[in-house]
Amino acid sequence: MPFMVLVCLLLTACDKDDVLPARPMEWSYEIITPANVQFLKSTTDVSPSYFFETNGKGGDMVMTCENYDVLNPISEDSYVYDCGWATLKIEGNQVKIHFAPSTPDDVALTHEEIQISANDGDRKVYTLIGFSRVINEEGPTDPQPEGLPEEAKFKMIMSEYTPFMKIESPLPAPLDLITFRITDINGEYSPIDIPEFTHYYDSIVWSADDFPHTFKVAENKVSAESTETHITTQWSSHFFKSGTVKSHLKGYRDGKVEYETSHRITLYDRDFLGLEWGAINLQKPTNLTAYCLLDRNYEYKLYDIVAKGYNPYSRFVPVNHKLLPDADFLPTTKKAVMILMENSIGTGENANGKESLFKCLPEKGVVAERYWENETTRMLMLHRLPDEEGLAEESYYLHIEPK
């Protein structure tokens, strides 16, 4: 059975009200290696999409933006994105895509998503490029049985992301809320009906490399009296570290994986994880509880940027989502801060003497214990001490200020 790779370009925007008056990006394409890359279909609605397939033997194609002469860098000052098996390179108004030939060690099915943008005056328009690859190798390479029908197959897509503090950003960050969907093999999404592919499995489970937990997307419960099917067709999660996250959807039957699809998403740091210095919300700060479905050990309350004497700052505070006793939660708050920082910045250094670098620290009741910094931001782990009246609970949290 031949396998295919799909490349999907989807016009999206972080703020629909701002983007609608702008000119949507219009695209044409040229396939350089028609033996290995083929056009499938396109749509012509407000958010156009383009679909291609490749046989995994490598190939090249070029997407040309017909109504914008210059495209913005993909990330910071970089015009190149390389995931290992596919490379995107922006040159003027073109996106040149190269698919490397597969090797015996490559994963059978992989997926990548990347967003590019162009400027329309003071506004930006965005295009999300998602590309995946399924490799047809000789011999048994993955859990999919030969006789599995097409209607039993599924895939996972990232449908949208909500930036932290509603920042307008063309690229997702670790503390943004990322929303995924499970679709049929053709990308068709059913938010209400139970998709046909669910009937082939006892359960469908979401997991990711280097994350400790899993999330059950679908489950069939069979008894002598009845069969119940439960499915979550759309789910959302934050992630607590930047970089590329490779996740998997696995369909289980009789304790074995019968079908598997994978998905890659790259999460980019802003000034610090999902936070970006600039706008200050003084009137109606909206604090967010960040959770990760694949790492349920910790949750954090993320505070919008506010100001003290016109100096901006923010706080990340561990949440007692497991309802631990106070004596057990105190060491958990310290570990939660340390794990978050080790995954994003490093182990840091002793905070002795670093308090003078900060302008918005509490005047009393806290002790600084650990210090981190990057190019734009300083971070301090504070130990909040209990007060005599018992109004302040003892805990650890992260205090954040721009340089």
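Residues numbered from 1 in each chain as written. Predicted model: local features only at pLDDT ≥ 70, side-chain atom pairs only at ≥ 80, totals over all residues. Heavy atoms only, no water.

A.B. asks: What is the right way to read the overall build of the protein chain from this model?
C.D. replies: Secondary structure summary: the protein chain contains two helices and 26 strands in total. Taking the contacts inside the protein chain whose residues are at least 6 apart along the sequence as the reference set, 63% of them involve residues at least 24 apart. Carbon and sulfur atoms form 48% of the exposed surface of the protein chain, whose accessible area is close to 20300 Å². (Helix = DSSP H or I, 4+ residues; strand = E, 2+ residues; numbered from the N terminus. Contact = heavy atoms within 4.5 Å. Areas by Shrake-Rupley, 256 points an atom, 1.4 Å probe, with all protein chains shown as cover.)

A.B. asks: Could you clarify how one ought to interpret the pairing of strand E14 (residues 215-222) in this entry?
C.D. replies: Note on strand geometry: in a regular strand, side chains alternate between the two faces of the sheet. In the sheet, strand E13 (residues 203-208) pairs with E14 via four bridges, with the strands oriented antiparallel. Paired with valine 205 across the strands is lysine 216, a residue of E14. Hairpin connection, E13 to E14: the antiparallel pair is bridged by six residues, and aspartate 210 has positive phi, about 70°. Bridge count for E14 against strand E15 (residues 227-231) is five bridges, and the pairing is antiparallel. (Pairing = 2+ DSSP bridges.)

A.B. asks: Which parts of the structure should I look at to understand the sheet that holds strand E12 (residues 177-184)?
C.D. replies: Where strands meet in a sheet, backbone hydrogen bonds hold them as pairs that are either parallel or antiparallel. Pairing is antiparallel across the open sheet formed by three strands, whose spatial order is E11-E12-E16. In this open sheet, the two edge strands, each paired with only one partner strand, are strand E11 (154-162) and strand E16 (234-237). Taken over all neighbouring pairs, the strand axes of this sheet differ in orientation by 25° on average, direction set aside. The sheet contact formed by E12 and E16 spans four bridges and is antiparallel. Bridge assignment links isoleucine 178 to a residue of E16, and that residue is serine 237. (Axes fitted to C-alpha atoms, helices over the stretch in contact; angles between N-to-C directions.)

A.B. asks: Just to check I follow, could you spell out the pattern of salt bridges for this structure?
C.D. replies: Any two side chains of opposite charge can pair if their charged atoms end up close together. By the definition in use, this model includes ten salt bridges. The partner of arginine 23 in a salt bridge is aspartate 120, and the shortest N-O contact between them spans 3.7 Å. Here the residue arginine 23 occupies a position in the loop between helix H1 (16-19) and strand E2 (27-31), and aspartate 120 occupies one in strand E9 (residues 109-120), the gap between them amounting to 97 residues. Across the salt bridge formed by glutamate 373 and lysine 403, the nearest N and O atoms sit 3.3 Å from each other. Residue glutamate 373 is located in strand E24 (residues 366-373), and its partner lysine 403 is located in the segment after strand E26 (395-402); the two are separated by 30 residues in the primary sequence. (Salt bridge = Lys/Arg side-chain N within 4 Å of Asp/Glu carboxyl O.)

A.B. asks: Would you mind showing me how to read the confidence of the model for the protein chain here?
C.D. replies: Low pLDDT marks stretches whose predicted atomic positions should not be read closely. In the predicted model, the protein chain carries a mean pLDDT of 82, and the fraction of residues at 70 or more is 83%. In this model, residues 1-19 is a region of pLDDT below 50 whose contacts with residues beyond four sequence positions or in other chains number 72 contacts. Within the model, the stretch residues 137-145 combines pLDDT values under 50 with eleven contacts to residues more than four positions away or in other chains. (pLDDT = per-residue confidence, 0-100.)

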